[in-house]
Amino acid sequence: MVDYRTGDDESSRHSRREFIKRVIASGAVASSATYVFGGLQGCSSRGTVASAVPGSVARLVRINVNGQERPVDVLPQETLAMTLRYRLGLTGTKLGCDRDECGACSVTIDDTLYNSCSVLTHSVRGRKVVTVEGLAGPNGELHPVQQAFIDELSPQCGFCTPGQVMAAVALLKHNPNPTRDEARHAMAGNLCRCGAYDNYLNGVMRAAASSKATAT
Amino acid sequence: MTYKLIGKNFTPPDVLAKVTGQAKYAEDFRADGMVFCRFLPSPFPHARVKSIDASEALKMEGVVGILTADDVKNAPAPAPTILTNEPRFVGEPVLALAAVDETTVQNALEKIKIEWEPLPFTVDPLKSLQPTKHVDARLDGNIGAAGVKLDTLRWTKEDFDKAGDGKLPMGKAAQEWSYGDVDAAFANAKVVYDESFVTASNSHHSMEPRSCMAYWQNGKCFVYGSTQSQSFIVPALAGMIGIKPDELVYVAEFCGGGFGSKGGAYPVMAIPALMSKKINRPVMMRVSRFEEYAVGNARNGFVGRVKLGFAENGRLLAADLYIVQEGGAHNGFWDFRNAADLVSIMYQPEAMRWRGVPVFGNTPTRSAQRGPGYNQMAYIMEPLIDRAARELKIDRVEIRKLNGPDMNSPVGKDRSPVSSCYIKDALAKGAERFKWAERIARSGQRKGSKVTGVGVGQAYHPAGFNGFDGLVRLAPDGILHIHTGVGNLGTFSHSGTSRIAAEVLKCDWEKCVVVRGDTRKHLPWNIGQFGSNTSTTMARTNYVAAMDALQKMKEIAAKDLGGKPDDYDVDGSRVFAKRSPGRGITYAKVAQRAIELGGKYTGKELPGDINPMTKASATALAGSGLIGVAKDNLPVKGEPAAFAACFVEIELDIETGQHRVIESLNIGDCGTVIHPMGLDTQLKGATVQGFGAATLEGMIYDPQNGLPGAIGFYQAKPPSYLDLPPLMQTDWVDKPDPVSPLGTKGIGEPPLGSAATALLCAISDALGGHVFNRTPVRPDMIINAVAKRPQSHQPLQIHTA
């Protein structure tokens, strides 16, 4: 399902517009698009902050999230993190900075780690997005990384944890037997203010060992 | 003492939700009809709003309401404000706007026309204390903090002239105390140092910005917030919203980091509730990272001066301390007082004087940050202790043991004893495990441009409160429900301390449920998770509630099976006769009997001294099992105190000024250990934060325009994985506190100070004893020190990059 094109006929566009209107009117689904701030610009009430494109409308796209095709209306400027959190209800993906600094919003796209706050949802049409909610097995079996993070008591406050989990999953996918130092560098894009780095690394190494044990 | 649960590892009940993404933080909640609100952050460091024209914004499609300072009831000045028409720092919320989506809110905010009157501002406390040409951060005074009344204070020209170049002038103080004959003690000293110093303010940078969601339903206000505390938030937040505490439903099951900045209710969290009341829609207020750097508080900075007099044997005879606290624009924390307590307890000077003045600046409000005041003072003191050791040719561990506190040594102004202290044990244990003697033989050794440095550091923080309530319920299915109102800072101590109730009742952990995180769950009145207190305070409350339940169980057994209550004991979820263990009843049956007996057994009669919140919770639970409920009236003897000692070895590149920590060992003195893995993570996390405080983190405000320069992670620099030593170790003394019921006490804060100071001391060591008298110590400072060049900043300059 690559590049699903929205219908061109007048009626379907109307129906989408009607749907969006209804959504806004009822408030049944809270939609949110840009989250504009940054540096000193964010303090200005009449500054140079980029406004949303006037008249921009959501378009229906299909993205593959956690193995499911999810049709979803997406604004042109909408980030994947916002789509996941506010349209698909996947709030495990956290927003820590919304500007590609902290890694709390880490997801994998085609098995590669991305900060979903800095990926436009339109760019992932037809690609496979996996969030922290998509890791457990069909009967709720935890992913080895999740289990290892529990066994090593890796999280503290837990806010960065979904991102740490995804970073570790992506690392082990590409390098199933990392050295501790390789793991440290691979995880370096994920901040943890609690300073639980050592316990996360213990978790990564444990997960690598347990995955190896399972494989053999 | 051997326990079934205490001292054993367990999987805290909230950790599964953290690794699966199921844990709901404030921004993860939704409500039907929810709209988005954003606040308008002040673009000025200090200004007056002369008029607001929001007509164009309010006409925009999708905009649903505005909240201005005129709509809210701020606490009396100089308390932090919810919204204000006189913003006093860049980013301070002026008004809030709500719309159906955030794009609309942001676009509408751009349409609001505000007529501003810029006002004078300062980001430098010394500028505010000058006799002439002073600039104040506030129009109503220039000094104040919790415990110091809002006032105006100036120093004289003579004060400034007398100080001399690069030395802190010491004019009139706002507060002071002393003990002993300070002048005489200095006269007897062999070595005297008189050092001026600067410790930078730094942000908390919690990973979760303080987003908040609120709505009103059936006469109650529902708030989903990000706080370290649960029950403790309720009265203050209800006050800000203008309702009674029992009209507030407050949910804080998870908190994405606080480190002191989310300990109590803070003003911006009232905005969604007040907006929701006005527009009658659920309101989500997401706080951006930039905004979090403005409204997320920060640690107080110090500009200070310390005079120390040592005897020939290394004993600290006299200490004279002056702290100018670089505070924010509003009443903040009292770090400047705590600094004195650190000196008094850690080195036990024979005579001491402290003076302090908390000065306002046009910068964010200062709240407690992990070891407020104590740790900044340790950053300065420990390298100076090393300097004395070096000059007097005393081992650095030994000089700390020589001066250090003993079991009941006095602390602070009142010279009141601590409840226990084993810092010397921690130093001894660390020196042995870290092979201190071997390592210091390598200190100063150079390989290429890399020099080895070895450091030891220590710190202190009070570790507990008393007088709060405990509440447990034994249900008729035999499950023990431990209700805790303490909050979830991420330390897992909400459950760790709940295990004390299970321990007292010898209840298997599998048969216990920790009930927390939501006022609807009938929680007792507890203090929050701050001040390293939980492992003392909540140990006491859970102990008294469990003891109350135990007594009731024994009474029920005696009623049903004969004899006296004291003839009975508990184990294996049974109450049984001590003399004939076969005779007894199960916990399930005891709970059922409690319901049948009614009265105090099932919460229908309650102790008179418990808090109304606890009373309401216990009343709600009445009739559903055996209720154990009590106020902590246990004896109080001495101030609970936590200590930590840390050892580090570093490699310092004297060409680049970069350092690398090779190994660290942080050792806690925290009484009986409740949860070894949890303690280990606290010690390691504090180590990481300590390294950040010592060498990375600092708030920067441009003195010319009052604009913040450290408003992103990459600028404010919390440590990352790459700052981690390859080998990070922890340990603990594990000696019980004699006052705490099971010997437990807190630990959260001192290991940050010990790690920071150990690193600072190691850097000094690698540089042959150079002391910077400033944090953070950055690479350019090191390069200047190596080259014996003057530093690029003035000695008393703050906000240096």
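Residues numbered from 1 in each chain as written. Chains lettered and ligands numbered in written order. Predicted model: local features only at pLDDT ≥ 70, side-chain atom pairs only at ≥ 80, totals over all residues. Heavy atoms only, no water.

Chemist: Requested: an account of the overall build of chain A, with residues and values cited.
Modeler: Each helix and strand in chain A was counted, giving 6 helices and 5 strands. Moving toward the C terminus, one meets the helices and strands of chain A in the order α-β-β-α-β-β-β-α-α-α-α. Partitioning the intrachain contacts of chain A with sequence separation of at least 6 by distance along the chain shows that 57% fall at a separation of at least 24. Accessible surface for chain A amounts to roughly 8,900 Å². Of this, 53% is attributable to carbon and sulfur atoms. (Helix = DSSP H or I, 4+ residues; strand = E, 2+ residues; numbered from the N terminus. Contact = heavy atoms within 4.5 Å. Areas by Shrake-Rupley, 256 points an atom, 1.4 Å probe, with all protein chains shown as cover.)

Chemist: Could you give an account of the overall build of chain B, with specific residues and numbers?
Modeler: Scanning chain B from terminus to terminus reveals 22 helices and 33 strands. Scaling as 2.2 N^0.38, a compact globule of 801 residues should have a C-alpha radius of gyration of about 28 Å, and chain B matches this with 27 Å. Its C-alpha atoms put chain B at 85 × 70 × 50 Å along the principal axes. Burial analysis of chain B (801 residues in total) assigns 67% to the buried set. (Rg over C-alpha atoms; globule rule 2.2 N^0.38 Å. Buried < 20%, exposed > 50% of the residue type's maximum accessible area, 1.4 Å probe, protein only.)

Chemist: Can you explain the sheet that holds strand E23 (residues 469–474) of chain B? Please cite residues and give values.
Modeler: What holds strands together in a sheet is hydrogen bonding between their backbones, with the strands either parallel or antiparallel. Residue and element names in this part refer to chain B. Read from one edge of the open sheet, 4 strands run E25-E24-E23-E29, paired in mixed fashion. Edge positions in the sheet fall to strand E25 (512–515) and strand E29 (626–631), since each has one partner strand and no second. When strand polarity is set aside, the average angle formed by the axes of neighbouring strands in this sheet is 15°. The sheet contact formed by E23 and strand E24 (residues 480–483) spans 4 bridges and is antiparallel. Bridging across to E24, Val 472 finds its partner in Ile 482. The sheet strands contacting helix H15 (residues 493–504) are E23, E24 and E25, and the helix crosses E24 at an angle near 130°. (Pairing = 2+ DSSP bridges. Axes fitted to C-alpha atoms, helices over the stretch in contact; angles between N-to-C directions.)

Chemist: For unusual backbone geometry, give the residues involved together with the corresponding values.
Modeler: Looking along the chain, the bond that leaves Ala 77 of chain B and enters Pro 78 of chain B is cis, with omega of 5°. As for its position among the elements, Pro 78 of chain B is in the loop between strand E3 (63–67) and strand E4 (93–99). With an omega of -5°, the peptide bond between Thr 775 of chain B and Pro 776 of chain B qualifies as cis. Secondary-structure assignment places Pro 776 of chain B in the loop between strand E33 (774–775) and helix H22 (779–786). You will see that Asp 98 of chain A, though not glycine, has its phi angle at about 60°, which is positive. By relative accessible area, which is 13% here, Asp 98 of chain A ends up buried. A positive phi angle is found at Lys 506 of chain B, which is not glycine, with a value near 45°. You can call Lys 506 of chain B partly exposed: its relative accessible area is 29%.

Chemist: Please set out the state of the cysteines residue by residue, giving values where relevant.
Modeler: Formally, a disulfide is one covalent bond, and it connects the sulfur atom of one cysteine to the sulfur atom of another. Taken as a whole and assessed by the stated rule, the structure comprises 0 disulfides over all chains. Note on Cys 194 of chain A: no disulfide assigned, nearest cysteine sulfur contributed by Cys 157 of chain A at a separation of 3.8 Å. Cys 761 of chain B supplies the cysteine sulfur nearest to Cys 646 of chain B, a cysteine that is in no disulfide, at a spacing of 10 Å. Classification of Cys 646 of chain B as buried rests on a relative accessible area of 0%. (Disulfide = S-S within 2.5 Å.)

Chemist: Would you mind going over helix H10 (residues 335–347) of chain B in detail, with residue names and values included?
Modeler: Residue and element names in this part refer to chain B. For H10, with 13 residues, the first-to-last C-alpha span of 18 Å sits near the 18 Å given by 1.5 Å per residue. Extensive coverage of H10 is indicated by the burial of 12 of its 13 residues. Those residues of H10 that fall on the buried side of the exposure criterion are Asp 335, Phe 336, Asn 338, Ala 339, Ala 340, Asp 341, Leu 342, Val 343, Ser 344, Ile 345, Met 346 and Tyr 347. One or two steps after H10, the chain reaches Gln 348, where phi turns positive at roughly 45°. (Expected span 1.5 Å × (residues − 1).)

Chemist: Give a description of the pairing of strand E11 (residues 212–217) of chain B that names residues and reports values.
Modeler: Residue and element names in this part refer to chain B. With 3 bridges connecting them, E11 and strand E14 (residues 283–285) associate as antiparallel partners. Along E14, the bridge assignment pairs Met 213 with Met 284. Across 5 bridges, the pairing between E11 and strand E12 (residues 220–224) is antiparallel. Bridge pairing in E12 links Ala 214 to Val 223. Hairpin connection, E11 to E12: the antiparallel pair is bridged by 2 residues, and Asn 218 has positive phi, about 50°.

Chemist: For the interface of chain A and chain B, give the residues involved together with the corresponding values.
Modeler: The parts lose accessible area when they come together, and the size of an interface is often stated as this lost area. At the junction of the two partners, chain A supplies 71 residues and chain B supplies 83 residues. Around 6,200 Å² of area is buried between chain A and chain B when both sides are counted, 58% of it from carbon and sulfur atoms. Scanning the region where chain A abuts chain B turns up 5 salt bridges. Applying the counting criterion to the chain A and chain B interface returns 27 residue pairs in polar contact (both at pLDDT 80 or more). Mapped onto the side of chain A that touches chain B, the elements with two or more residues apiece are helix H1 (10–26), helix H2 (80–87), helix H3 (144–151), helix H4 (161–174), helix H5 (180–186) and helix H6 (197–215) of chain A. The dominant element in the side of chain A that touches chain B, judged by the number of residues it contributes, is H6 of chain A, at 6 residues. For the side of chain A that touches chain B, the class distribution of residues is 34 nonpolar, 25 polar and 12 charged. (Buried area = accessible area lost by both parts, 1.4 Å probe. Salt bridge = Lys/Arg side-chain N within 4 Å of Asp/Glu carboxyl O. Polar contact = N/O pair within 3.5 Å; in protein donor to acceptor, adjacent residues only side chain to side chain. Nonpolar A, V, L, I, M, F, W, Y, C, P; charged D, E, K, R; others polar.)

Chemist: Describe in detail the nonpolar core, supporting the description with residues and values.
Modeler: All names here are of chain B. In this structure, Leu 321, Val 324 and Met 377 are the most contacted members of the largest nonpolar core, which totals 74 residues. No other element matches the 10 residues that helix H11 (residues 374–392) contributes to this core. In contact with Met 377, other than residues within four places in its own chain, are Phe 197, Phe 302, Leu 321, Ile 323, Ala 339, Leu 342 and Val 343. (Core = buried A, V, L, I, M, F, W, Y, C linked by side-chain atoms within 4.5 Å.)

Chemist: Now, about H11 of chain B: what can you tell me, with residues and values included?
Modeler: Under the 1.5 Å per step criterion, the end-to-end length of H11 of chain B is 26 Å for 19 residues, consistent within 8% with the ideal 27 Å. Where burial is concerned, most of H11 of chain B is hidden: 16 out of the 19 residues are buried.

Chemist: For the confidence of the model for chain B, give the residues involved together with the corresponding values.
Modeler: When pLDDT is averaged along chain B, the result is 97, and 100% of the positions lie at 70 or above. Predicted complex, confidence summary: ipTM 0.97, pTM 0.94. (pLDDT = per-residue confidence, 0-100.)

Chemist: Can you tell me about the environment of Lys 59 of chain B, naming the residues and giving the values?
Modeler: Here Lys 59 of chain B lies in helix H2 (residues 55–59). Considering only alpha carbons, one finds Lys 59 of chain B and Arg 48 of chain B, 11 residues apart in sequence, at a separation of 25 Å.

Chemist: Before we move on, could you go through the packing of H11 of chain B against helix H21 (residues 750–766) of chain B and cite the residues and values that matter?
Modeler: Residue and element names in this part refer to chain B. The interhelical angle for the contact between H11 and H21, taken along N-to-C directions, is 40°, at an axis separation of 9 Å. It follows that H11 is oblique to H21 by the angle criterion. Where H11 crosses over H21, the handedness of that crossing is right-handed. On H21, the residues touching Asn 375, Ala 378, Tyr 379, Glu 382, Pro 383, Asp 386 and Arg 390 of H11 are Pro 750, Leu 752, Gly 753, Ala 756, Thr 757, Leu 760, Cys 761, Ser 764 and Asp 765. (Parallel < 35°, antiparallel > 145°, perpendicular 65-115°, else oblique. Left-handed = near helix turned anticlockwise from the far one by under 90°.)

Chemist: Which residues make up the sheet that holds strand E26 (residues 568–571) of chain B, and what values do they have?
Modeler: Residue and element names in this part refer to chain B. Spatially, the 3 strands line up as an open sheet ordered E26-E27-E28, and their pairing is antiparallel. Looking along the sheet, the strands with just one partner apiece sit at the ends: E26 and strand E28 (584–586). The sheet shows a mean angle of 20° between the axes of neighbouring strands, taken without regard to direction.

Chemist: A description of the packing of aromatic side chains should follow, citing residues and the corresponding values.
Modeler: All names here are of chain B. One pass over the full model with this rule turns up 25 aromatic pairs over all chains. For the pair Tyr 215 and Phe 222, a centre-to-centre distance of 5.0 Å together with 15° between the ring planes defines the contact as stacked. Comparing Tyr 215 with Phe 222, the two get one shared label, buried. On the basis of an interplanar angle of 85° and a centroid distance of 5.3 Å, the ring pair of Tyr 374 and Tyr 460 is categorised as edge-to-face. Here Tyr 460 lies in strand E22 (residues 450–462) and Tyr 374 lies in helix H11, a separation of 86 residues in the sequence. Among the residues examined, Tyr 374 registers a relative accessible area of 5% and is labelled buried. Put simply, the rings of Phe 29, Tyr 215, Phe 222 and Tyr 224 touch in pairs and so form one group of aromatic residues. (Phe/Tyr/Trp six-rings, centres within 6.5 Å; stacked < 30°, edge-to-face > 60°.)

Chemist: Quick rundown of the environment of Ala 47 of chain B? Include the residues and the values.
Modeler: Residues and elements named next belong to chain B. Counting through the fold element by element, Ala 47 comes out in strand E2 (residues 47–53). Each C-alpha atom of the pair Ala 47 and Ala 426 lies 51 Å from the other, and the pair is 379 residues apart in sequence. When residues no more than four places from it in sequence are discounted, the contact partners of Ala 47 are Asn 85, Glu 86, Pro 87, Trp 116, Glu 117, Pro 118 and Leu 119.

Chemist: Tell me about the packing of helix H12 (residues 396–403) of chain B against helix H13 (residues 423–433) of chain B, and name the residues and values.
Modeler: Residue and element names in this part refer to chain B. Packing of H12 against H13 brings their axes to within 10 Å, and their N-to-C directions diverge by 165°. In this view, H12 runs roughly antiparallel relative to H13, as classed from their interaxial angle. Judged by the twist between their axes, the crossing of H12 over H13 is left-handed. Here Val 397, Arg 400 and Lys 401 of H12 lie close against H13, whose contacting residues are Lys 424, Leu 427, Ala 428 and Ala 431. A breakdown of the residues in the contact of H12 with H13 according to their chemical character gives 4 nonpolar, no polar and 3 charged.

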